[in-house]
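Secondary and tertiary structure notes
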Amino acid sequence: MDEHRSDPFGLAGRVAPPIPPPAPVTSVSCDLSDPASVREIVGGVVRERGRLDILVHAAGITRDGVLWKLSDEDWSEVLRVDLDSAFWLLREVAPPMRAAGGGAIALVASINGERGKRGQANYAAAKAGLIGLGKTAARELGAFGVRVNVVSPGWIDTPMTSSLPDEARSRAIAETALGRCGRPEDVAGAILFLVSGMSRHVTGQVLRVDGGQLIA
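Cut-offs used in this document
Residues numbered from 1 in each chain as written. Predicted model: local features only at pLDDT ≥ 70, side-chain atom pairs only at ≥ 80, totals over all residues. Heavy atoms only, no water. Helix = DSSP H or I, 4+ residues; strand = E, 2+ residues; numbered from the N terminus. Buried < 20%, exposed > 50% of the residue type's maximum accessible area, 1.4 Å probe, protein only. Contact = heavy atoms within 4.5 Å. Areas by Shrake-Rupley, 256 points an atom, 1.4 Å probe, with all protein chains shown as cover. Salt bridge = Lys/Arg side-chain N within 4 Å of Asp/Glu carboxyl O. Pairing = 2+ DSSP bridges. Axes fitted to C-alpha atoms, helices over the stretch in contact; angles between N-to-C directions. Phe/Tyr/Trp six-rings, centres within 6.5 Å; stacked < 30°, edge-to-face > 60°. Lys NZ or Arg CZ within 6 Å of the ring centre and 35° of its normal. Lys, Arg positive; Asp, Glu negative; His and termini not counted. Core = buried A, V, L, I, M, F, W, Y, C linked by side-chain atoms within 4.5 Å.

**Observations concerning the overall build of the protein**
In terms of regular secondary structure, the protein is built from 8 helices and 4 strands. The 216 residues of the protein split such that 37% are buried. Counting contacts in the protein only where the partners sit at least 6 residues apart, residues at least 24 apart contribute 73% of the total. Counting only carbon and sulfur atoms, one obtains 57% of the accessible surface of the protein, whose full area is about 13,100 Å².

**What about the pattern of salt bridges?**
Throughout the structure, instances matching the rule amount to 8 salt bridges. Arginine 39 is the partner of glutamate 92 in a salt bridge, and the nearest nitrogen-oxygen pair spans 3.7 Å. Pair noted here: glutamate 92 is in helix α3 (residues 72–100) and arginine 39 is in helix α2 (residues 35–49), with a separation of 53 residues, a long-range link. Residue class for glutamate 92 comes out buried when judged on its relative accessible area of 18%. Here aspartate 157 makes a salt bridge to arginine 169, at a shortest N to O gap of 2.8 Å. Residue aspartate 157 is found in the loop between β3 (146–153) and α6 (159–162), and its partner arginine 169 is found in helix α7 (residues 166–175); the two are separated by 12 residues along the sequence. By relative accessible area, which is 29% here, aspartate 157 ends up partly exposed.

**Points about the sheet that holds strand β1 (residues 54–57)**
Sheets are built from strands that pair by backbone hydrogen bonding, the pairs being arranged parallel or antiparallel. Read from one edge of the open sheet, 4 strands run β1-β2-β3-β4, paired in parallel fashion. Here the strands that pair on one side only, and so sit at the sheet edges, are β1 and β4 (206–209). The average angle at which neighbouring strand axes cross in this sheet is 20°, direction not considered. Strand direction decides the pairing type here: β3 and β4, joined by 4 bridges, are parallel. The residue bridging proline 153 from the neighbouring strand is valine 209, located in β4. Each of β1, β2 (103–108) and β3 is contacted by α3, which is oriented at about 175° to β1, the strand it contacts most. Each of β1, β2, β3 and β4 touches helix α5 (residues 121–141); the most contacted strand, β3, lies at about 160° to it.

**Things to note about the packing of aromatic side chains**
According to the stated counting rule, one finds 0 aromatic pairs in the structure shown. Seen from the ring of phenylalanine 144, arginine 98 lies directly overhead, with NZ or CZ sitting 4.2 Å from the centre.

**Re the side chain of lysine 127**
Looking at the secondary structure, you find lysine 127 in helix α5. Of the buried charged residues, lysine 127 lacks a salt bridge, with aspartate 82 as the closest side chain of opposite charge at 4.6 Å. Excluding its chain neighbours within four sequence positions, the residues that come into contact with lysine 127 are Ala59, Gly60, Asp82, Val108, Ala109, Ser110 and Gly113.

**Quick notes on the nonpolar core**
Generally speaking, soluble globular proteins have nonpolar side chains that are buried together. Ranked by internal contacts, the top residues of the largest apolar core, which has 27 residues, are Leu55, Val93, Met97, Ile105, Leu141 and Val148. Looking at this core, the elements with two or more residues in it are α2, α3, β2, α5 and β3. The dominant element in this core, judged by the number of residues it contributes, is α3, at 10 residues. Ignoring sequence-local partners within four residues, the contact set of valine 148 consists of Ile105, Gly134, Ala137, Ala138, Leu141, Thr203, Gly204 and Gln205. Residues Ala104, Val151, Val187 and Val195 belong to the second largest nonpolar core, which totals 11 residues.

Right under this line is the structure:
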């Protein structure tokens, strides 16, 4: 066998360099429904670390019901956690990211924000709002080197979806080109791409992670 043909890149016998350990991780609690709490947390991170490079907004709750049965509280709670908190976070991280000359932001929306969903007027409205918010932030922050993108998952097996009827999960699978539900790591992989240098020329985009549940 031709040695060069079997190892065209000359990698035989080479050992990959060790992956450096991650930086220390600090876990903090934040009430995302309270703008003062958001302001305090972001300010604390910037003071402690000196800068803020990445923001991922993945908060979401549901209070399902057809719109004529939704209470004011059901509407307001979902909008406050799913959409308002993203605005408050963006408002707080924009100044330090602008000052640093760059940053990457990923907002987690939903395909139901793109297509609508019976029984989820509040949730769909909030997720659609995230898409508009993300695109606007991308335009406003791009000149400062800050990228903003949106991930739009389909059905993902999570504790939130596990409380839904089995029939709903079966319908989602039937809609999906790949014939299966997504997992949290599928969404995490998309987020990792969008906040890493691999997507340094990508901003203002909506990346669906839905296995082909919504193809339009």
